[in-house]
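Residue-level listing of the chains:
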Amino acid sequence: MPEPDAGHLECDDAPSPARCAPVLAAAFVREPAMAWISGGSDAVRQAWFGATLRTHATLRGGRRHLLADRQGQPVAAALLTPPSAVPSGAARAAWAARTLAGCGPRALVRTLRYLHRTEAEVPPEVWTLEFIGVKPESVGRGAGGRLLGHVIAETPAPGGIFLTTADEANVRLYRRFGFTTLRRLQVGPLEVTAMLRPNTRP
């Protein structure tokens, strides 16, 4: 069967967290920040994305996007948080409990460390592109660019879109889509790039 390409993909703008989580877990298998958090464990990475997307779904206005091939098989997913949206205390506590149970204390502590450092860099009134990823077997076929372009076009972000990445290869992709580097951050062994795409709509 031929591999999917960007011309044969359909976008779902309201997929369930359960449908997105395994796509992102597969996409982030070699991403440096996720490798640091999960210790390279597939089970930990999958549990982490399951817990995180379940919590994100509690945010009012949070957005998920999924690209699927003609057979309906997901190939890429993205997750965005609207300005100033934060989980409730109960949702945060539930996330911590699920992460601790499914991923262990190291993953929980490293996640909190990453969030503490990066969330302080979020400019006011911007959307945050929390995750965007393509399943490994579909990388290099245009799915990532297709989904990122769709996200930018569909997100009502007068203040712009913010993201962080610990993968230098991603920085080049984001720059092609109008993101600029705000600053470089050190989080444990990671060099994290904080980026912003200003609103360019009239």
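Starting from 1, residues in each chain are numbered consecutively following that chain's sequence as written. For this predicted model, a pLDDT threshold of at least 70 governs which residues receive local features, and a threshold of 80 or more governs which side-chain atom pairs are given and counted, while totals over whole chains, interfaces and linings are taken from all residues. Excluding hydrogens and water, the side-chain figures rest on all heavy atoms present in the structure.

This part is about the environment of Arg54. For helices the rule is a DSSP run of H or I covering at least 4 residues; for strands it is a run of E covering at least 2, with both sets numbered from the N terminus onward. Mapped onto the fold, Arg54 is located in helix α3 (residues 42-56). Here's how the labels work: a residue is buried when its accessible area is under 20% of the maximum for its type, exposed when over 50%, partly exposed in between, all with a 1.4 Å probe on protein chains only. Look at Arg54 and you get exposed, because its relative accessible area is 53%. Each C-alpha atom of the pair Arg54 and Ala94 lies 9.7 Å from the other, and the pair is 40 residues apart in sequence. Setting aside chain neighbours within four positions, we find Arg54 in contact with Pro17 and Arg98. By definition, residues are in contact when any of their heavy atoms lie within 4.5 Å.

This part covers the sheet that holds strand β5 (residues 161-165). When DSSP locates at least two bridges between a pair of strands, those strands are taken to pair. What the seven strands build is an open sheet, ordered β1-β2-β3-β4-β5-β7-β6; its pairing is mixed. Across the chains shown, the open sheet's two edge strands, defined by having one partner strand only, are β1 (10-12) and β6 (180-187). For this sheet the average axis-to-axis angle between neighbouring strands, irrespective of direction, equals 25°. Where strand β4 (residues 127-134) lies against β5, two bridges are found, and the strand directions are parallel. By the bridge assignment for β5, Trp127 is matched with Ile161. Between the N-to-C directions of two axes lies an angle of 0 to 180 degrees, each axis being a line fitted to C-alpha atoms and, for a helix, fitted only over the stretch in contact.

Glancing now at the packing of aromatic side chains. Within 6.5 Å between ring centres, the rings of Phe, Tyr and Trp (the latter by its six-membered ring) count as paired, and their orientation is classed by plane angle as stacked under 30 degrees, edge-to-face over 60, tilted in between. All chains considered together, the criterion is met by six aromatic pairs. Aromatic pair Phe28 and Phe131: ring centres 5.8 Å apart, planes at 90°, arrangement edge-to-face. Taken together, the residues Phe28 in the loop between α1 (17-27) and α2 (32-38) and Phe131 in strand β4 connect sequence positions 103 residues apart. In this structure Phe131 comes out as buried when scored by relative accessible area, which is 13%. Consider the rings of Phe49 and Phe131, whose centres lie 5.2 Å apart with planes at 65°: the pair is edge-to-face. Placement of the pair is Phe49 in helix α3 and Phe131 in strand β4, with a sequence separation of 82 residues.

Any functional reading would require information beyond the geometric quantities listed.
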